[in-house]
Amino acid sequence: MFLRETPPELSADIMDKGMVLAGGSSLLRNLAELVTNSIGVPCAVADNALLCVAKGTGAVLENLDLYKKSVMTKK
């Protein structure tokens, strides 16, 4: 589960404020409710969910020097 690998201060924020689903799959009917019920974390679908991934990728590419270290890191 992703919360197991998340730093405690960030996972506390996620548990309190919830998650926002983005991308085309987030538009699957009742997915946010399923996630909320399955893991107990409030979950909602982003406004313009279809565009979020493309906009985020564009922002990273426009600022690649800032994000290069985290993008290129392998686990």
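Residues numbered from 1 in each chain as written. Predicted model: local features only at pLDDT ≥ 70, side-chain atom pairs only at ≥ 80, totals over all residues. Heavy atoms only, no water.

Quick look at the overall build of the chain
Argument step 1. When helices and strands are tallied, the chain shows four helices and two strands.
Argument step 2. Taken from N to C terminus, the helices and strands of the chain fall in the order α-β-α-β-α-α.
Argument step 3. Taken against the 2.2 N^0.38 rule, which gives 11 Å for 75 residues, the C-alpha radius of gyration of the chain at 14 Å runs more than 25% over that of a compact globule.
Argument step 4. Taken along its principal axes, the extent of the C-alpha atoms in the chain is 40 × 30 × 20 Å.
Argument step 5. For the chain, the residues scored as buried account for 20% of the 75 residues in total. (Helix = DSSP H or I, 4+ residues; strand = E, 2+ residues; numbered from the N terminus. Rg over C-alpha atoms; globule rule 2.2 N^0.38 Å. Buried < 20%, exposed > 50% of the residue type's maximum accessible area, 1.4 Å probe, protein only.)

With respect to the nonpolar core
Argument step 1. In this structure, Leu 3, Ile 14, Met 19, Leu 21, Ala 32, Val 35, Val 41 and Cys 43 together form the largest nonpolar core, which totals eight residues.
Argument step 2. For this core, the elements supplying multiple residues, two or more each, are β1 (19-21) and α2 (31-39).
Argument step 3. What Leu 3 contacts, discounting residues up to four positions off in sequence, is Ser 11, Ile 14, Met 15 and Val 41. (Core = buried A, V, L, I, M, F, W, Y, C linked by side-chain atoms within 4.5 Å. Contact = heavy atoms within 4.5 Å.)

So, the confidence of the model for the chain
Argument step 1. In the predicted model, the chain carries a mean pLDDT of 87, and the fraction of residues at 70 or more is 92%.
Argument step 2. Averaged over each element, pLDDT in the chain is lowest for helix α4 (residues 64-72) (80) and highest for strand β2 (residues 43-45) (95). (pLDDT = per-residue confidence, 0-100.)

Some points on a nonpolar patch on the surface
Argument step 1. On the surface, Leu 27, Val 45, Leu 50 and Leu 51 cluster together into a nonpolar patch covering about 370 Å² of accessible area.
Argument step 2. Looking at the secondary structure, you find Leu 27 in the loop between β1 and α2. (Patch = residues over 30% accessible without salt bridge, like charges linked within 9 Å, V, L, I, M, F, W, Y side chains within 5 Å. Areas by Shrake-Rupley, 256 points an atom, 1.4 Å probe, with all protein chains shown as cover. Salt bridge = Lys/Arg side-chain N within 4 Å of Asp/Glu carboxyl O.)

Describing the environment of Pro 42
Argument step 1. Within the fold, Pro 42 resides in the loop between α2 and β2.
Argument step 2. Judged by relative accessible area, Pro 42 falls into the partly exposed class, the value being 36%.
Argument step 3. It is 8.4 Å that separates the C-alpha atoms of Pro 42 and Ile 14, two residues lying 28 residues apart in sequence.
Argument step 4. With near-sequence residues (within four places) excluded, Pro 42 lies in contact with Met 15, Gly 18, Met 19 and Thr 36.

Some points on the side chain of Thr 6
Argument step 1. Take Thr 6: it is sitting in the segment before α1 (8-17).
Argument step 2. Beyond its immediate sequence surroundings of up to four residues, Thr 6 is in contact with Ser 11 and Ile 14.

Topic: unusual backbone geometry
Glycine aside, residues mostly have negative phi angles, and peptide bonds mostly take the trans form.
Argument step 1. Although it is not a glycine, Asn 30 adopts a positive phi angle of roughly 70°.
Argument step 2. Looking at where Asn 30 falls in the secondary structure, it is placed in the loop between β1 and α2.
Argument step 3. With relative accessibility at 49%, the residue Asn 30 sits in the partly exposed group.
Argument step 4. Residue Asn 48 is not a glycine yet carries a positive backbone phi of 50°.

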